[in-house]
Amino acid sequence: MYKYYDKPLIYVSCLLIWIGTATVYSATNFDLDYLTKQLIAVLASLVVFAFIVMIPIEKIQYYARYGFLAALIIGIAVLLPTIGHTVNGSTRWISIGGFTIHTGELIKLFSIPYLASYISRNRETILSTKLRVFRPLLMLCVLCVLLLQQPDFGGGVVLLISIVGTLFLSGAPLLSFVAIFVGSIVSIIFLALSSPYRVARITSFLDPWSDPFNSGYQLTQSLIAFGRGELFGLGYGASIQKLGYLPEAHQDFIFAIFTEEFGALGAIGLMLLVLFVAYRIFHIGRLAVNAGSWFAGSLAFFTAISIACSAIFHIGVNVGVLPTKGLGLPFISYGRNSLVVTLILIAIIIRLDLERKAGTLPIRLRSRII
Amino acid sequence: MGVVRYYFVMGLFGLLAVLLSVKLLSLGSIESEFLQDHGDQRTIRNKAVKAHRGIIFDRFGEQLTKNDTAYDVWINPGDPPDGKDLQLLEESLDLPSGMLLDRIRKRSDRFFIYVKRDVGAEVSERLLKIRRVYQQLQEKRVYAFGRALSHVLGFVDIDGKGQEGLELEYDDWLYGKSGNVKVLVDRKREKIKNLGPVKGLKMGQDLQLSIDLHLQLIALRELSSVINQYEIESGSLVALNPATGEILALVNFPSYDPNDRDNMKVNTLRNRAVVDTYEPGHLVSPFVLLAALESKQFDVNSLIDTSPGHFEVGARKILDIRDYGSIDLGRILSKSSNVGLAKITLSLTETQIYDSFKGAGFGESTSIGFPGESIGVMVDPTTALSDIGSKMEQVALAAGNGLSATPLQMALAYSVLANRGVYNSPSLLKKEKMDTGDRRFNTETTEVVLNMLKITAESEARGAMVPGYVVAGQGSVAATVSAKGGYDETRKNFFFAGIVPVEEPKLVVLVALNNVNTAEDLDYQTATKVFTGFAKSALPGLGVEPSLQN
């Protein structure tokens, strides 16, 4: 059955991985060390992909309920002094056996099937009761808060939006979303103003040119990259900003470097490619729902929204319409954890799509699994 | 399921994508100029491209100067290294502790202060890791042969500009002009690539001297050895190639090491051979005879009655060591008979001696282009106020007292003689093309005088004989002028001018030994010692075949 895999999704994903590796190589100024690490990550991701795609959705659906607990444990553990690694002021990593695991990605990974499973099991109640939607929301908010404690502002907000979006698509009553919406805005504003560090970030973001050497440095350098790229870019490898001028060129600001090399038109192209992946997963999700599986569908929706959100946020930060969040661009930014997790999710998406086509997708009628 | 919701979510992301696209296009077009300007401010610099100073070579292409790289270390007082780094810097450069902090405070408004200039490559390496300490590349001029060529070459200052000697005279030629190039730099100000052509760069040009390095080294050795042996105050040696006028060697004592600027003493800096003037005394006698012969009033057999050995011209009393009686020109020369010379002079016209000396180059600029070159002084008998005054001046000239000259001029005069009367302008630079020269005296008369000057075993100056070669030469013990005016009886100068080999001269050498204490029982044979020492090594070195059997 494997030969019926969704071609557009696979092809564009491969294309993006290739673009990502090449761009990271350029952004690190052709550092072979980074290139090797990235290629190993790509290889590992592909291997993991191959394994995951063989797992029946049924199994995932069964174990998904433990996702919350797993995510909770990881989220708390990383904040404990001996387990979590602190890098640059944020405690995001746990090291196990020589590997450093990015907890934000892992929490996301476990939250997705959990929420999908919850929605799948509780659809009627979600549809009917106004307040029922808040139960999963609250549970997951705990996870978001844990992320924000790291602090992983970007990861937390994307997770929150993805959760809200998925619940929205699951059919919860609109009114509850108004409340959620208002609540989110309030809490975001509250969080943003809660620490002087964040306030400074916001004022700097609003007018980076007022202090281009200190607080506005990274943003102004990013904007300069876009300005230099004009419409068609300087050409692959010709970025000037990567020569020590733009910090985090290979991660949080890789879109800027890409644009400097391929221009605004190239940038729009890349954005559309990433959003296409999100769209395609979205589409697969809808087909899954129509075929009767809310688990598969919600899983797909969550993934799609997460990818689209990350991309929009990353680009938004790079062009200066959003304050700096420290978010990577899916497929492109240098981040081995992120790549592996992304490919795991795509593997699951491909799998559920294959099962749908093959007709073996577990469908829930009422509360029974068929 | 909610199709509306589905499309709503898609539409929302689509809208965001469109908005971002608009922003991207705006940044890439409308805002791009502003952004690129800002970017260029950080990444583009005008870098000065230093021209290498020209190299100075000897006549055979031996390299006399070298451009080493040195570094100037600087810091920015507005953004200085922190305490620990500052200490480390002071230690590495051997500076007193706390000095830099003090300087930073005093010049806090500047962006640039030198910490130490002219630092070698090793120290420079060590400083590379100290943060906020920067280095500027400089060229350091190194003189490979130090004391031997110091007076001729001179030296440059810390900015590479000539200060003395040929380095000064030809500074424009050697220095070149720094150029400019627009470069792209990375965050650490390291150049990534050039953004355009180098503008305005003029490389320094090389200079080739007439000096023969080996002769120069021999000259310094011989001069120093005699001077040190007899503890003489100072001296010079000039060696010319009479056929071309090129200066093959020019050394002075005392000398200095131009590489060691910190320990230079002012009295060692003067290029005495070119800058100091002395009364030549009997060194000019041959030119009196030349005047006599050229006037046709005298010939090789003419006799002059010098008795009773003393003679008066106006207020001037002329004295010989003893009464030589009636002697020919040759004897007048060999015995340095003042009476003879005076009587010859007075037989000639008012200007004949003066013109003869002028023809030999006395009182004229040599135009070798050396800064501070002296021309010397010569009394002009035509300007005397009375007839007797004029006669006195003529006689003074003939005695070698009425003029002063540099050792170079003295060498040049003998060069004209050696060249059979043809004057070739002297040069410190290698002559690629020989000029035709200027005939000042007749060939025949110069041959006669040269013959008289030949040194044999019977000559007074027999110490100047060089085995295997025929030498013609003249020595002189001349008076020194005292600072108060008049002569200083306690000091005298020794000169010896040698021409070798006489048949076809390859070398004209002038040795000067100055301010020798009269109390010491020395005569100009000390000068001939220098001459023979030099000639013995120089002639084989020049490939001149011996003409005599030993």
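Residues numbered from 1 in each chain as written. Chains lettered and ligands numbered in written order. Predicted model: local features only at pLDDT ≥ 70, side-chain atom pairs only at ≥ 80, totals over all residues. Heavy atoms only, no water.

**Let's talk about the interface of chain A and chain B**
(1) Moving on: Taken residue by residue, the interface counts 45 residues in chain A and 31 residues in chain B.
(2) Moving on: Of the roughly 3,400 Å² buried where chain A meets chain B, counting both sides, 76% is carbon and sulfur surface.
(3) Moving on: The tally of links from chain A across to chain B stands at zero salt bridges.
(4) Moving on: Inspection of the region where chain A meets chain B yields seven residue pairs in polar contact (both at pLDDT 80 or more). (Contact = heavy atoms within 4.5 Å. Buried area = accessible area lost by both parts, 1.4 Å probe. Salt bridge = Lys/Arg side-chain N within 4 Å of Asp/Glu carboxyl O. Polar contact = N/O pair within 3.5 Å; in protein donor to acceptor, adjacent residues only side chain to side chain.)

**Structural notes on the pattern of salt bridges**
Residue and element names in this part refer to chain B.
(1) Moving on: According to the stated counting rule, one finds 27 salt bridges over all chains in the structure shown.
(2) Moving on: Measuring nitrogen to oxygen at the nearest pair gives 3.0 Å for the salt bridge that ties Glu 222 to Arg 221.
(3) Moving on: On the basis of relative accessible area, Glu 222 is assigned to the buried category, the value being 15%.
(4) Moving on: The shortest N-O distance in the salt bridge between Lys 391 and Asp 387 comes to 3.3 Å. Remark: Asp 387 and Lys 391 occur in helix α15 (residues 387-398); sequence separation between them is four residues, near one turn of the helix. (Buried < 20%, exposed > 50% of the residue type's maximum accessible area, 1.4 Å probe, protein only. Helix = DSSP H or I, 4+ residues; strand = E, 2+ residues; numbered from the N terminus.)

**Some points on the environment of Glu58(A)**
Residues and elements named next belong to chain A.
(1) Moving on: By the secondary structure assignment, Glu 58 is in helix α3 (residues 57-63).
(2) Moving on: Residue Glu 58 is classed as exposed on the basis of its relative accessible area of 55%.
(3) Moving on: C-alpha separation for the pair Glu 58 and Leu 352, spaced 294 residues apart in sequence, amounts to 9.6 Å.

**Section: the nonpolar core**
(1) Moving on: Among the nonpolar cores identified, the biggest contains 120 residues, and Ile163(A), Val277(A) and Leu352(A) are the most heavily contacted of them.
(2) Moving on: The residues contacting Val277(A), other than those within four sequence positions of it, are Leu9(A), Val12(A), Ser13(A), Leu16(A), Ile307(A), Phe331(A) and Ile346(A).
(3) Moving on: Formed by 82 residues, the second largest nonpolar core is a distinct cluster that contains Leu153(B), Ile368(B), Met452(B) and Val470(B). (Core = buried A, V, L, I, M, F, W, Y, C linked by side-chain atoms within 4.5 Å.)

**Looking at the pairing of strand β10 (residues 247-253) of chain B**
Residues and elements named next belong to chain B.
(1) Moving on: Burial of β10 is extensive: seven of the seven residues sit out of reach of the surface.
(2) Moving on: Strand direction decides the pairing type here: strand β9 (residues 234-240) and β10, joined by six bridges, are antiparallel. Bridge pairing in β10 links Leu 237 to Val 251.
(3) Moving on: Count of turn residues in the β9/β10 antiparallel hairpin: six residues, of which Gly 245 carries a positive phi of about 85°. (Pairing = 2+ DSSP bridges.)

**Quick notes on empty space enclosed by the protein**
All names here are of chain B.
(1) Moving on: Taken as a whole, this structure holds one cavity of 30 Å³ or more when the rule is applied.
(2) Moving on: Estimated volume of the largest cavity: approximately 100 Å³.
(3) Moving on: The wall of the largest cavity is formed by Lys 50, Ala 51, His 52, Arg 53, Asn 67, Gln 138, Glu 139, Arg 141, Asp 159, Gly 160 and Tyr 175.
(4) Moving on: By residue number, the principal contributor to the lining of the largest cavity is strand β5 (residues 133-143), which donates three residues. (1 Å grid on protein atoms, 1.4 Å probe; cavity = no way out; pocket = protein on both sides within 12 Å on 5 of 7 lines; lining within 4 Å. Points joined across faces, edges and corners; volume = space filled by probe spheres on them.)

**Regarding helix α3 (residues 83-92) of chain B**
Residue and element names in this part refer to chain B.
(1) Moving on: By the burial criterion, the buried members of α3 are Asp 85, Leu 86, Leu 89, Glu 90 and Ser 92. Buried residues of α3 fall within an arc of 165° about the axis and therefore sit on the same side. For α3, exposure combined with an orientation more than 90 degrees from the buried face picks out Gly 83, Lys 84 and Glu 91.
(2) Moving on: Tucked into the core, α3 has its buried residues touching β3 (65-75), α4 (99-106), β4 (113-119), α5 (121-127) and β5.
(3) Moving on: One or two positions beyond α3, positive phi appears at Asp 94, with a value near 65°. (Arc of directions from axis to C-beta.)

**Things to note about the sheet that holds strand β2 (residues 90-96) of chain A**
Strand-to-strand pairing in sheets goes through backbone hydrogen bonds, with the strands running parallel or antiparallel.
Residues and elements named next belong to chain A.
(1) Moving on: Spatially, β1-β2-β3 is the arrangement adopted by the three strands of the open sheet, whose pairing is antiparallel. Each edge of the sheet is formed by a strand with only one pairing partner; in this case those strands are β1 (84-87) and β3 (99-102). Recorded for the sheet is a direction-independent mean angle of 45° between the axes of neighbouring strands.
(2) Moving on: Sheet topology note: the β2/β3 ladder contains four bridges and is antiparallel. Following the sheet pairing, Ile 96 is matched in β3 by Phe 99.
(3) Moving on: Sheet strands touched by helix α5 (residues 103-121): β2 and β3. Its angle to β3, the strand with the most contacts, is close to 60°. (Axes fitted to C-alpha atoms, helices over the stretch in contact; angles between N-to-C directions.)

**Thoughts on the packing of helix α11 (residues 217-229) of chain A against helix α12 (residues 254-290) of chain A**
Two quantities define a packed helix pair, namely the angle between the helix axes and the distance between the axes.
All names here are of chain A.
(1) Moving on: Orientation of α11 relative to α12, taken along the N-to-C sense of each, is 15°, at an axis distance of 7 Å. Here α11 lies roughly parallel to α12, going by the angle between them. As α11 runs across α12, the sense of the crossing is left-handed. In this structure, α11 contributes Ser 222, Ala 225, Phe 226, Arg 228 and Gly 229 to the contact, and α12 contributes Phe 255, Ala 256, Thr 259, Glu 260 and Gly 263.
(2) Moving on: Along the lines of polarity and charge, the residues of the contact of α11 with α12 split into four nonpolar, four polar and two charged. (Parallel < 35°, antiparallel > 145°, perpendicular 65-115°, else oblique. Left-handed = near helix turned anticlockwise from the far one by under 90°. Nonpolar A, V, L, I, M, F, W, Y, C, P; charged D, E, K, R; others polar.)

**Here's the deal with the sheet that holds β4(B)**
All names here are of chain B.
(1) Moving on: Reading across the sheet, the three strands line up as β4-β3-β5 and stay open at both edges, with antiparallel pairing between neighbours. Each end of this open sheet is capped by a strand with a single partner; those strands are β4 and β5. Recorded for the sheet is a direction-independent mean angle of 25° between the axes of neighbouring strands.
(2) Moving on: With four bridges connecting them, β3 and β4 associate as antiparallel partners. When the bridges of β4 are listed, Val 73 appears paired with Lys 116.
(3) Moving on: Across the face of the sheet, α4 comes into contact with β3 and β4 while running at roughly 130° to β4.

**A few points about the packing of aromatic side chains**
(1) Moving on: All told, the structure shown has 24 aromatic pairs over all chains when counted by the stated rule.
(2) Moving on: Ring centres of Tyr25(A) and Phe30(A) lie 5.0 Å apart, and the angle between their planes is 90°; on these two criteria the pair is classed as edge-to-face.
(3) Moving on: A relative accessible area of 22% places Tyr25(A) in the partly exposed class.
(4) Moving on: The class for Phe30(A) is partly exposed, based on a relative accessible area of 34%.
(5) Moving on: Among the aromatic side chains, those forming a connected cluster through ring pairs are Tyr25(A), Phe30(A), Tyr236(A), Phe258(A) and Phe262(A).
(6) Moving on: One cation-aromatic arrangement involves Arg117(B) over Tyr114(B); the distance from NZ or CZ to the ring centre is 4.1 Å.
(7) Moving on: When the ring centre of Tyr175(B) is taken as origin, the NZ or CZ atom of Lys161(B), which lies over that ring, is 4.3 Å away. (Phe/Tyr/Trp six-rings, centres within 6.5 Å; stacked < 30°, edge-to-face > 60°. Lys NZ or Arg CZ within 6 Å of the ring centre and 35° of its normal.)

**Concerning unusual backbone geometry**
When glycine is set aside, most residues are seen to have a negative phi, and most peptide bonds are trans.
Residue and element names in this part refer to chain B.
(1) Moving on: Geometrically, the link from Ser 307 to Pro 308 is a cis peptide bond, its omega value of 0° lying close to zero.
(2) Moving on: Secondary-structure assignment places Pro 308 in the loop between β11 (303-305) and β12 (310-313).
(3) Moving on: With an omega of -15°, the peptide bond running from Val 500 to Pro 501 counts as cis.
(4) Moving on: Examined against the element boundaries, Pro 501 turns out to sit in the loop between β20 (487-500) and β21 (507-517).

**Let's talk about the pairing of β20(B)**
Residues and elements named next belong to chain B.
(1) Moving on: Judged from the ten bridges that link them, strand β19 (residues 472-481) and β20 form a sheet pairing that is antiparallel. Paired with Ala 478 across the two strands is Asn 493, which belongs to β20.
(2) Moving on: Between β19 and the antiparallel strand that follows it, β20, lie five residues; Gly 485 among them carries a positive phi value of about 100°.
(3) Moving on: Where β20 meets β21, nine bridges bridge the pair, whose relative direction is antiparallel. Following the sheet pairing, Gly 498 is matched in β21 by Val 509.
(4) Moving on: Between β20 and β21, which pair antiparallel in sequence order, lie six residues.

**Concerning the confidence of the model for chain B**
(1) Moving on: Per-chain confidence: chain B averages 88 in pLDDT, with 99% of residues scoring 70 or above.
(2) Moving on: Predicted as a complex, the structure gets a pTM of 0.64 and an ipTM equal to 0.89. (pLDDT = per-residue confidence, 0-100.)

**Brief notes about helix α1 (residues 3-28) of chain B**
(1) Moving on: Along its 26 residues, α1(B) runs 37 Å from first to last C-alpha, staying within 8% of the 38 Å computed at 1.5 Å per residue.
(2) Moving on: Along α1(B), the positions that sit buried rather than exposed are Arg5(B), Tyr6(B), Val9(B), Phe13(B), Ala17(B), Leu20(B), Ser21(B), Leu24(B), Ser26(B), Leu27(B) and Gly28(B). (Expected span 1.5 Å × (residues − 1).)

**Re the side chain of Asn514(B)**
Residue and element names in this part refer to chain B.
(1) Moving on: Secondary-structure assignment places Asn 514 in strand β21.
(2) Moving on: Within the structure, Asn 514 has its side chain in polar contact with the side chain of Tyr 278 (distance 3.1 Å).
(3) Moving on: Excluding residues that lie within four positions of it along the chain, Asn 514 makes contacts with Ile 232, Glu 233, Ser 234, Gly 235, Tyr 278, Lys 492, Asn 493 and Phe 495.

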